[in-house]
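Fold and contact review
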Amino acid sequence: MGVLDTRKTRREREDELRKQGRLPAGQSLTDEFPVLTYGPTPRFNPAAWDLRLFGTITHELRWDWETFQQLPTVQITTDIHCVTRWSKFDTVWEGVQFKHIAELAGMKPETKHIIAHCDYGYTTNVPVEDMLRDNVLLAYKFDGQPLDPEHGGPLRTLVPHLYFWKSAKFVRALEFSVEDKPGFWEVNGYHNYGDPFKEERYSRRGFF
Ligand SMILES: Nc1nc2c(c(=O)[nH]1)N[C@H]1C(S)=C(S)[C@@H](COP(=O)(O)O)O[C@H]1N2
Ligand SMILES: [Mo]
C-alpha cells in the first residue's frame, strides 16, 4: 500500500512522500477529503444541466448530461494539493480529457487561456498549455463513484498539478480566450498560476 498504508505513522508516510518528491513544501498528508466551497452547493438537476463551450473555437458546443456522458473517458490516479495545506495522494478520478474537448470544439491557435465558469459564479483561469496535459479532466467520478455534490458533482475540472482552487467544481462552461481573465480567488489575492511545488499561494495583489 506504500504511502496509503495507514499502519505507518503520518510522519513515516510523509518522509516517504518527501523522498519521492511528491510532498510539496508547507503541505501535509491527509486521508480525509476536506470540502472547500465558497457559497452554497448547487442541486443537480440532470434535465436542466448543460455544459457550454465558447470563445476562440470553431464550433460552439453545448452538451446535456446524457450526451456528455457518452464522450470517451479515462481514469487517472493522481496527487492533489490544496492551498490550505493539505495534500491527498493516489486519488482516482474518471472523466473526459480536456484535450479531447478542445479538439471537438476546434480550438483556434490563438487560444492562450481557459476560464472555467461554475454555478453561482465561481470562475478560475488556467493557461491553455496546462489544460492540454493528459491528466487534466472534466471529471465526474471519484473513487469509482459519481462525484459528490460537495466535491463538485456532477462535473468538475481537475487540474492536479496546480493548487486545487484551479479545479472548478460544478463547472457549466469553458471559455477559450486570448486574454487572461483572473478568476474568483485570483482577483482576491491568490496566485495567478498556483504551482504547489513552488509554493505559489498568494500574489501581492488583493487582501491576503
Ligand atoms: N465552483 C467552485 N469550485 C471550487 C471552489 C468553489 O468555492 N466553487 N473552491 C475551490 C477551492 S478553494 C478548492 S481547495 C477546491 C476544493 O475542492 P473539494 O471541496 O473537492 O476539496 O475546489 C475549488 N473549486
Ligand atoms: Mo482552496
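In this report, we go over the structure that sits alongside the text. Source: prediction; values computed, not measured.

The full set close to ligand 1 counts 20 residues, and P34, Y38, H151, R156 and K169 are the nearest of them. In this structure, K169 approaches ligand 1 through a side-chain N or O atom, which is 2.5 Å from an oxygen atom. For ligand 1, the protein covers 97% of the area, taking 530 Å² as the surface of the free molecule. Tallied by class, residues from the shell around ligand 1 come to 14 nonpolar, three polar and three charged.

Let us now look at helix α1 (residues 10-19). All of the buried residues in α1 are R13, E14 and L17. The buried residues of α1 all sit within an arc of 100° when viewed along its axis, so they share a single face. Across α1 from its buried face, at more than 90 degrees, point the exposed residues R11 and K19. Buried residues along α1 sit against β1 (28-29) and β5 (86-97). G21 sits one or two positions beyond α1 and adopts a positive phi of about 75°.

Topologically, N125 is positioned in strand β7 (residues 123-127). Overall, the relative accessible area of 2% leaves N125 in the buried class. Side chain to side chain, N125 and N192 meet in a polar contact 2.9 Å long.

This brings us to the environment of D64. Here D64 is to be found in strand β3 (residues 62-64). By relative accessible area, D64 is classed as partly exposed at 34%. Between the alpha carbons of D64 and L162 there is a distance of 28 Å; along the sequence they are 98 residues apart. A distance of 2.3 Å separates a polar atom in the side chain of D64 from a polar atom in the side chain of T67.

The subject of this paragraph is the pattern of salt bridges. The full count for this structure, using the stated rule, is 14 salt bridges. Ionic pairing is found between R13 and D31, a salt bridge with its closest N-O pair at 2.9 Å. One end of the pair, R13, is in helix α1; the other, D31, is in the loop between β1 and β2 (50-55), and 18 residues separate them in sequence. A salt bridge links R172 to D119, with the nearest nitrogen and oxygen atoms 3.0 Å apart. On the criterion of sequence distance, the pair formed by R172 in strand β11 (residues 171-177) and D119 in the loop between β6 (113-118) and β7 is long-range, its members being 53 residues apart. Look at R172 and you get partly exposed, because its relative accessible area is 21%. The structure contains a network of salt bridges with shared partners spanning D50, R62, D119 and R172.

This part covers unusual backbone geometry. Residue P154 is bonded to the preceding G153 through a cis peptide linkage, with omega at 10°. By secondary structure assignment, the location of P154 is in the loop between β9 (145-146) and β10 (156-158). For Y120, which is not a glycine, the phi torsion comes out positive at approximately 65°. Along the chain, Y120 falls in the loop between β6 and β7. For Y120, a relative accessible area of 61% corresponds to the exposed category. We note that F170 has phi near 50°; this positive angle belongs to a residue other than glycine. With respect to the helices and strands, the residue F170 is situated in the loop between β10 and β11.

About the thresholds
Residues numbered from 1 in each chain as written. Chains lettered and ligands numbered in written order. Predicted model: local features only at pLDDT ≥ 70, side-chain atom pairs only at ≥ 80, totals over all residues. Heavy atoms only, no water. Near = heavy atom within 4 Å. Polar contact = N/O pair within 3.5 Å; in protein donor to acceptor, adjacent residues only side chain to side chain. Areas by Shrake-Rupley, 256 points an atom, 1.4 Å probe, with all protein chains shown as cover. Nonpolar A, V, L, I, M, F, W, Y, C, P; charged D, E, K, R; others polar. Buried < 20%, exposed > 50% of the residue type's maximum accessible area, 1.4 Å probe, protein only. Helix = DSSP H or I, 4+ residues; strand = E, 2+ residues; numbered from the N terminus. Arc of directions from axis to C-beta. Contact = heavy atoms within 4.5 Å. Salt bridge = Lys/Arg side-chain N within 4 Å of Asp/Glu carboxyl O.

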